[in-house]
Amino acid sequence: MLQQISDISSEIERNGFYVFKNSLEPQLVDKARAEIQAWLDRDIRERQDGGVEAAWFTGDAGISILTKPTQILLDAYAKSPALDLLVEQVLSDPLSSGVLKQLAGENIKFRGYNVQRMTGEPDPRPMIGISPNPHEWHRDSPGEFGIALFLEDIPGPENGATSLVPGSHYFPYCPRWNCLFGPPFKTKEGRGGLDFFLRFNIANRMLGRRINGRATGAYGKQGDFYFFINDVWHGREPNMNGRAGIKFMIGAFPADEPFPDKVVPPDEETLAKLPPLVRKAASLASPAPSSETPNTILQRVRGHRAENAPANIFKMAQYERQFAESLSRLAYKFSEGMRTLTSPFAGRFPWSAKS
Ligand SMILES: O=C(O)CCC(=O)C(=O)O
Ligand SMILES: [Fe+2]
């Protein structure tokens, strides 16, 4: 067992993720799938009955987000007793909990406890840029790691699996804000950048080709689960075969680290319904004192990044992005200036008349 823990931990440290296969009880997994599916269906029904068009909605199933490619139930604690039990098993099983301790330390806490179902609508790769993913390469919050469970089969590729670049947790930065592989291109102010730079971006194309060649995905069968370091560059693969796979994703942190934002734990009534280890992880909203010697995989990865300068290709891609952002900002200021200048004449000339 110790050898297995150490082998899997080494793989996570090297690649940034690991899929555990065939270790959860199939009947319990299928029960969780059925219970969760009922909530997802209920959410859709309520939206239809109420004529809800908005993406965000609060109903019997809690808070949900429905977009063209995905339906998400946020913080689905105590919705499916079978699902909560599966999570308890992941946290208590000697092998997976042994690996978790290597990854993040003795105590962990949950930030998100979310269900995702693909809608089955076509979700292709973007038309411009080099990104292969409709949901672009990114990192989540620093220090975060994921525990995800397949409630249905998600085979790869092109079925909406989470795409992952093995080893990219050692890369110097988050690609969403430092590279330019594909849409959406937003400046730091949150305004759209010039899409021109998604076509004319030599360094990012060079880097992007290397990344895309290495990418794989979190593929699995119903009942498989995986751990991943959220600093791994990840996104979501296209969904092109109408599949509506359900997966469940926990965002977690070492208990002695602060959350990057405000996390409201479930209320007492909900907590009381959870099995003990899930309840503990769900209820810890603030940093807990650490009782251990800090030497987790997450800490070592962070240390490695701090000690090693970025390779040139990463620096060049970052400069190119900064250049594209500066020019986009300038173009925005220019168009704003023109608008102010011409506004006194609004409606006086045929070409500025509102149609
Ligand atoms: O949809 C997925 O599989 C990944 C989602 C994700 O990475 C995120 O929402 O941050
Ligand atoms: Fe993410």
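Residues numbered from 1 in each chain as written. Chains lettered and ligands numbered in written order. Predicted model: local features only at pLDDT ≥ 70, side-chain atom pairs only at ≥ 80, totals over all residues. Heavy atoms only, no water.

### With respect to the coordination of the iron ion (ligand 2)
- Surrounding the iron ion (ligand 2) are the protein donor atoms His138 (NE2), Asp140 (OD) and His234 (NE2), which sit 2.1 to 2.2 Å from the metal.
- Considered as a linear motif, the donors of the iron ion (ligand 2) on their single chain read H-x1-D-x93-H. Placement of the pair is Asp140 in the loop between strand E6 (135–138) and strand E7 (145–150) and His234 in strand E11 (residues 234–236), with a sequence separation of 94 residues. (Donors = N, O, S within 2.8 Å, 3.2 Å for Na, K, Ca; no water. Helix = DSSP H or I, 4+ residues; strand = E, 2+ residues; numbered from the N terminus.)

### Some remarks on the sheet that holds strand E12 (residues 246–254)
- As summarised here, the arrangement of the eight strands in space is E1-E10-E7-E12-E5-E4-E3-E2, forming an open sheet in which the pairing is antiparallel. Of all the strands in the sheet, the pair left with one neighbour each is strand E1 (17–20) and strand E2 (56–59). Averaged over neighbouring strand pairs, the angle between their axes works out to 20° when direction is ignored.
- Summarising the sheet, E2 and strand E3 (residues 62–66) pair through four bridges and their orientation is antiparallel. In the strand pairing of E3, Phe57 is matched with Ser64. (Pairing = 2+ DSSP bridges. Axes fitted to C-alpha atoms, helices over the stretch in contact; angles between N-to-C directions.)

### Description of the packing of aromatic side chains
- Taken as a whole and judged by the stated rule, the model has 19 aromatic pairs.
- For the pair Phe20 and Phe225, a centre-to-centre distance of 4.6 Å together with 5° between the ring planes defines the contact as stacked. Of the two residues, Phe20 sits in strand E1 while Phe225 sits in strand E10 (residues 225–229), which places them 205 residues apart along the sequence. Like Phe20, the residue Phe225 is buried in the burial classification.
- With a centroid separation of 4.8 Å and an interplanar angle of 80°, the aromatic rings of Tyr113 and Phe248 are classed as edge-to-face. (Phe/Tyr/Trp six-rings, centres within 6.5 Å; stacked < 30°, edge-to-face > 60°. Buried < 20%, exposed > 50% of the residue type's maximum accessible area, 1.4 Å probe, protein only.)

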